[in-house]
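These are the residues of each chain, in order.
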Amino acid sequence: MSTLVVTIVALGAIAWFAYLVGSGSRRDRQDPVPANLSVSQTDDEMETRRLDRALVGAVVTAGFLTLAMPIYYLTELDRQEGFVDEFHEASLERGHEVWLEFGCGDCHGANLAGGVASFLEERSQVNVSGWAAPALDDMFYRYDRDEAMFWIVYGRANTPMPPWGLEGGGPLNSQQVEDLLNYIESHQVDQTAALLKVDGLLAGALSRREGAAEVVGDQIAEQEQLIETIRTSGTSSAALGDIAERARYLLDGAAEGIDTDGDGLSDVTETGLTAIFAEAQAAGYLATAVTLDPRNAETLIGIGDATSAATSVGDLESGATSLTITFQNQDVLAEQAGFGLQFLRAAARQAHWEVDVQAVADASFGGDAGAADRAVNLYNAYCARCHTAGYSAGPSFQQPQASGALGPSLRGGRALTQFLTAEDMYEFISVGSTSGVGYGVNGVGSGRMPGFGMVLSAEDLDLIVQYLRGATLDGSEYLGEGG
Ligand code: HEC
Ligand code: HEC
């Protein structure tokens, strides 16, 4: 191999040398004419063959460039789009992580389809558990991106929805909020599915209206029970404290004495604790009384007796502690609970959830009770959480329909004052408000009124408009009761 290379190089060198020598001696012999003095091509030749060749060359080059530039440009676009896609994917992933980390799905449903939250209601001082957290999988049909961002950054004060953005006092920076929005946006259902939700939501609104009296009755009973617990917390904390102490004493001495089943608890401890747990349950301090069998190390299948015993004794002790705290704050708590009970009783008397459907039908729908019923349910399912004070907190807190909350009151002929025609009003409800942009006769939007044109059919929007413009929302009973 290397000899071959050496041979080639050597031959090449010899040939080169021979050429130099040859050309050197040729130059000696000739007397070269300088190029500028020699005869070149004639004008004829220049203007035909040569010019043609130059032109053809130019055309070919131009053609090449014409093709090459767009091809380059297109692949470059693709490449950049690839980057954008990649960034977007990464953002969705981060958004999902934020969604999980901050528990959005605990309230709004893991699949974004909506859920409920619990909350201590300001007005009533009653703890409510069924505050509706709206579906977010159709949010972008109702809000534009900035409006959606507003709710996430600032939350909605006086509801379970906390502020999440730094500007609102929450933990998320603007990048994280953008990621969340991208994540939510990528989980929007298609519009047909959004429209198909209507019937389910209306059925929910109807059953809530029909079951309201019973729900409030249950809440009153619970509140009375709570008041009783507070009233007797002095004696009960002492009694439960004594029970918990005896149980702890037995558990601490569990290593002494005969232990038939070898579970670390002596037979005496097991029978003694079983009796104490039964006593606590009978007195209402334990929901269930665990039985410990001295001849069986796992009386509850899958849970060792030592664990069962420790858990129940812990429950007794923490129950005693919380009763003691209740007793220490007895006066404040009793006042608060008493206030809540009065609130609930007044709500039960007023029964604002009740709607005289036939009256609505006669006033606004030419006697058509079916249309009136649907209109009322539509209003409750889609509008009440912002326009009926207390609606989200449950039927007991309901103020009169459409009495105003985050959004203005729609009673007392307000709809007729603000919107001179039903068409204007329809248009507004369909597209919603825009921050800083006027609407109706004297409204100025904040961007917080959603648009419903993509989630409700034209017929349903018409029903709502007709209902709100009707005479049944005149507001007289609202003004009469003073809310
Ligand atoms: C403790 C429960 C809870 C948690 C956690 C929660 N939300 Fe909410 N959210 C609510 C409730 C309740 C509402 C509706 C308030 C109202 O109008 O009554 C709401 C409203 C919203 C709205 C406005 C929707 C609309 O249709 O008006 C958006 C957007 C939203 N939440 C996004 C989020 C995101 C994103 C997270 C997680 C970072 C989150 N929420 C965490 C309870 C919660
Ligand atoms: C997320 C809260 C929210 C929901 C849900 C909501 N609105 Fe509103 N609405 C508002 C706010 C806030 C305003 C005031 C305008 C603004 O701030 O942009 C408003 C204004 C209005 C007005 C104008 C009132 C006036 O006198 O200026 C009408 C009419 C109205 N809403 C009807 C509806 C109807 C009908 C629905 C249900 C299909 C509905 N709203 C659902 C928040 C809401």
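Residues numbered from 1 in each chain as written. Chains lettered and ligands numbered in written order. Predicted model: local features only at pLDDT ≥ 70, side-chain atom pairs only at ≥ 80, totals over all residues. Heavy atoms only, no water.

Novice: Where do I start with the domain arrangement of the protein in this structure?
Specialist: Quite often, the size of an interface is put as the accessible area lost when its parts meet. Segmenting the protein into domains produces domain 1 (101-185), domain 2 (198-210 + 355-481) and domain 3 (232-347). Taken over C-alpha atoms, the centre of domain 1 sits 38 Å from the centre of domain 3. Counting residues at the interface gives four residues for domain 1 and five residues for domain 3. Counting each side, the surface lost to burial between domain 1 and domain 3 is near 410 Å², with a carbon and sulfur contribution of 72%. Taken together, domain 1 and domain 3 are joined by zero salt bridges. Here domain 1 and domain 3 share zero residue pairs in polar contact (both at pLDDT 80 or more) between them. (Domains from an automatic or database assignment. Contact = heavy atoms within 4.5 Å. Buried area = accessible area lost by both parts, 1.4 Å probe. Salt bridge = Lys/Arg side-chain N within 4 Å of Asp/Glu carboxyl O. Polar contact = N/O pair within 3.5 Å; in protein donor to acceptor, adjacent residues only side chain to side chain.)

Novice: Explain the packing of aromatic side chains here, please?
Specialist: Aromatic ring pairs: the centre-centre distance and the angle between the two ring planes describe each pair. Taken as a whole and judged by the stated rule, the model has 13 aromatic pairs. A ring pair is formed by F102 and W164, whose centres lie 5.9 Å apart and whose planes are at 70°; its orientation type is edge-to-face. Here F102, found in the loop between α2 (43-101) and α3 (104-108), pairs with W164, found in the loop between α5 (145-154) and α6 (174-185); they are 62 residues apart in sequence, far enough to count as distant. Residue classification places F102 among the partly exposed positions, given a relative accessible area of 23%. Its relative accessible area of 17% is what places W164 among the buried residues. Among the aromatic residues, those joined into a ring-pair cluster are Y143, F150, W151 and Y154. Cation over ring: R208 sits above Y391, and NZ or CZ is 3.7 Å from the ring centre. (Phe/Tyr/Trp six-rings, centres within 6.5 Å; stacked < 30°, edge-to-face > 60°. Helix = DSSP H or I, 4+ residues; strand = E, 2+ residues; numbered from the N terminus. Buried < 20%, exposed > 50% of the residue type's maximum accessible area, 1.4 Å probe, protein only. Lys NZ or Arg CZ within 6 Å of the ring centre and 35° of its normal.)

Novice: How should I be thinking about the site of ligand 2 in this particular structure?
Specialist: Close to ligand 2 lie 26 residues, the nearest being C383, C386, H387, S446 and M449. Measuring from an oxygen atom of ligand 2, one finds a side-chain N or O atom of Q418 at 2.8 Å. Separating an oxygen atom of ligand 2 from a side-chain N or O atom of S446 is a distance of 2.5 Å. Looking at the shell around ligand 2, the elements with two or more residues in it are α14 (384-387), α15 (414-418), α16 (422-431) and α17 (458-468). Ranked by residue count, the leading element in the shell around ligand 2 is α16, at three residues. Residues of the shell around ligand 2, tallied by class, amount to 17 nonpolar, seven polar and two charged. (Near = heavy atom within 4 Å. Nonpolar A, V, L, I, M, F, W, Y, C, P; charged D, E, K, R; others polar.)

Novice: So what exactly am I meant to see when it comes to the site of ligand 1 here?
Specialist: What surrounds ligand 1 is a group of 23 residues, the closest being C104, C107, H108, R156 and M161. Taking H108, its side chain carries an N or O atom lying 2.8 Å from a nitrogen atom of ligand 1. Y143 places a side-chain nitrogen or oxygen 2.9 Å from an oxygen atom of ligand 1. Among the elements of the structure, α3, β2 (127-133), α4 (139-142) and α5 are those that each provide at least two residues to the shell around ligand 1.

Novice: So what exactly am I meant to see when it comes to the coordination of the iron atom of ligand 1 here?
Specialist: Metal coordination angles have textbook ideals: 109.5 degrees for a tetrahedral set of four donors and 90 or 180 degrees for an octahedral set of six. The coordination sphere of the iron atom of ligand 1 contains the protein donors H108 (NE2) and M161 (SD), at a distance range of 2.0 to 2.2 Å. Between the six donor atoms coordinating the iron atom of ligand 1, the angles at the centre fall across 87 to 178°, so the site counts as octahedral. Here M161 lies in the loop between α5 and α6 and H108 lies in helix α3, a separation of 53 residues in the sequence. (Donors = N, O, S within 2.8 Å, 3.2 Å for Na, K, Ca; no water. Tetrahedral: all angles 85-135°; square planar, octahedral: opposite > 155°, others 65-115°.)

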